[in-house]
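Chain and residue survey
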Amino acid sequence: MSFSSLALDKSLTDAIKALGYENPTPIQQQAIPAVLAGKDIMAGAQTGTGKTAAFALPILQQLMKATDASRPISALVLTPTRELAQQVYKSFLSYAQNTQLNVAVAYGGVSINNQIAALEKGADILIATPGRLLDHLTKENVNLSQLQTIVFDEADRMLDMGFKDEIDQILSRLPSKRQTLLFSATFDDAIFKLSKTLLNNPLLIEVNQRNAAATEVEQLVYTVDSDRKRELTSFLIGSKNWHQVLIFTRTKQMADDLAKEMCKDGIQTQSIHGDKSQGARERVLAEFKQGKTRALVATDVAARGIDIIDLQYVINYELPYVAEDYIHRIGRTGRAGNAGLAISLMSPSEEWLLEAVEKVLDSTLLKQWLPGYEPDLSKQDQPVKRSNKSKQKKHARNKALGIKTTKKRR
Ligand code: AMP
């Protein structure tokens, strides 16, 4: 299938041609005609599949036909993180470069005044994170009464981050007659529950197997003692001469500590997480993209929206507490059909976290020992504490399924 068979306006096809897109990706082939036909959609598409253009192109095409000179906000894209909001905003700007449409972006961590000024000029499309959007709504900087289309991008992550209340408040200010597009890398009961309240007879699109990992990504698991993980990470990067390696830790503190230690090992490394200012996060990301930094250590939330087409290597320094995060992590590589390698460093005490990942993937990952870094079996690692978050998630899931969970008697 070619872009010409999707009946998109020439101003849009010229823009995507200039970006080097030759043919629509599977999610684009299915979503673009459905969105143009006015349908609600629920799409299971992980990052790297071209999902942004799958909603951006038909939204732009629909709005190009509109003639309202007062320029109310007609389309809203909600994203869980600032980085993803920036990323989606940039994509909209490049797709809309030959049109007269205005795009604005609003997220927290930066001054609100520039955003107010941009909104006052008039925006057809707004990309926003839920918290900052609510701020603007409360201060009456934005009016969503004329909204035609709302997109939930990475809806699973929005729920994971606890944005359900904000989403409800935002929904209460939207016209009830609207088109709703929901994109999620993973599907669980919470997503299905949300979709029931949001979507009207939606078209279900699944371009990958549900909860599937990116297929172009090779996955390796090395069992290693936790106190040797740093040494092994530096060894892998140094001996294989890898550049641009994204490393995941569970905590901000670990991200900072690891970045410092790796610099001592001679590997230029920085960290990115939610305690850093927006400016610092953008600077760190830009330096990583430009190749000034060889490794970037990130927490799960901060890594959302990082889009580096040729990022080849992801290291899970610690396995995530929320198994679905594994899919998001390794989805940072293997983008747009490129090959990728995801290495997980699992200490013996993290085995239960790997089991949870395997359950989500519905497949078993081969565990290996790397010569020289074999775990010392005489040493018993402290078991990793099960986080409250995953307990709460399990409880919410059981509740949605109608399964009663009983509290243990003391
Ligand atoms: P996304 O899943 O929207 O984050 O997109 C992943 C990457 O694929 C982005 O860098 C896009 O610019 C790129 N991309 C999107 N659609 C296409 C296409 N049809 N052909 C080639 N690259 C694309």
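Every chain is numbered on its own, with residues counted from 1 as its sequence reads. Since the coordinates come from a predicted model, pLDDT governs what is reported: local features require at least 70, and pairs of side-chain atoms require 80 or more to be given and counted, while whole-chain, interface and lining totals use all residues. As a convention, hydrogens and water are excluded, and side-chain values are obtained from all of the structure's heavy atoms.

**Focus on the nonpolar core**
- Residues F55, L57, I59, F92, I125 and I127 are the most contacted members of the largest nonpolar core, which totals 40 residues.
- Put simply, DSSP marks the helices as runs of H or I at least four residues long and the strands as runs of E at least two long, and each gets a number from the N terminus on. Looking at this core element by element, the count peaks at 8 residues for helix α3 (residues 51–65).
- Ignoring anything within four residues of it in the chain, the contact list for F92 reads F55, A56, I59, L60, V77, V103, I125 and I127. Residues grouped as a nonpolar core are buried Ala, Val, Leu, Ile, Met, Phe, Trp, Tyr and Cys residues, joined through side-chain atoms within 4.5 Å. Using a 1.4 Å probe on the protein chains alone, a residue whose accessible area is under 20% of its type maximum counts as buried, one over 50% counts as exposed, and one in between counts as partly exposed. We call two residues in contact when some of their heavy atoms are within 4.5 Å.

**Concerning the packing of helix α10 (residues 229–239) against helix α11 (residues 252–264)**
- The contact between α10 and α11 brings their axes to 10 Å, and the two run at 55°. For the element pair α10 / α11, the angle class is oblique. For the pair α10 and α11, the crossing hand works out as right-handed. Mapping the contact onto sequence places R230, T233, S234 and I237 in α10 and L258, E261 and M262 in α11.
- Three residue categories are used. Nonpolar comprises Ala, Val, Leu, Ile, Met, Phe, Trp, Tyr, Cys and Pro, charged comprises Asp, Glu, Lys and Arg, and polar comprises the others, including Gly. Partitioned by chemical class, the residues of the contact of α10 with α11 number 3 nonpolar, 2 polar and 2 charged. Where helices are involved, their axes are fitted lines through C-alpha atoms of the stretch in contact, as for all axes, and angles between N-to-C directions lie from 0 to 180°. Oblique is the label for any angle not under 35 degrees, not over 145, and not in the 65 to 115 range, which are roughly parallel, roughly antiparallel and roughly perpendicular in turn. Crossing handedness follows the turn of the near helix against the far one: under a right angle anticlockwise gives a left-handed crossing, and clockwise gives a right-handed one.

**Observations regarding the sheet that holds strand β5 (residues 149–152)**
- When DSSP finds at least two bridges between two strands, those strands are taken to pair. Taken together, 7 strands build an open sheet; the order of strands is β3-β4-β2-β5-β6-β1-β7 and the sheet is parallel. Pairing within the sheet leaves two strands with one partner each, and these edge strands are β3 (103–106) and β7 (203–206). Put simply, the sheet's adjacent strands are angled 15° from each other on average, direction ignored.
- As paired strands, strand β1 (residues 41–44) and β7 are joined by 4 bridges and run parallel to one another. Across the sheet, residue G44 finds its bridge partner in β7, namely E206.

**Side note on the packing of helix α4 (residues 82–95) against helix α12 (residues 278–289)**
- The interhelical angle for the contact between α4 and α12, taken along N-to-C directions, is 60°, at an axis separation of 11 Å. Here α12 runs oblique to α4, going by the angle between their axes. With respect to the hand of their crossing, α4 and α12 are arranged in right-handed fashion. Taken together, the residues of α12 that come into contact with α4 (itself represented by R82, E83, Q86 and Q87) are Q278, R281, E282, L285 and K289.
- For the contact of α4 with α12, the residue count by class is 1 nonpolar, 3 polar and 5 charged.

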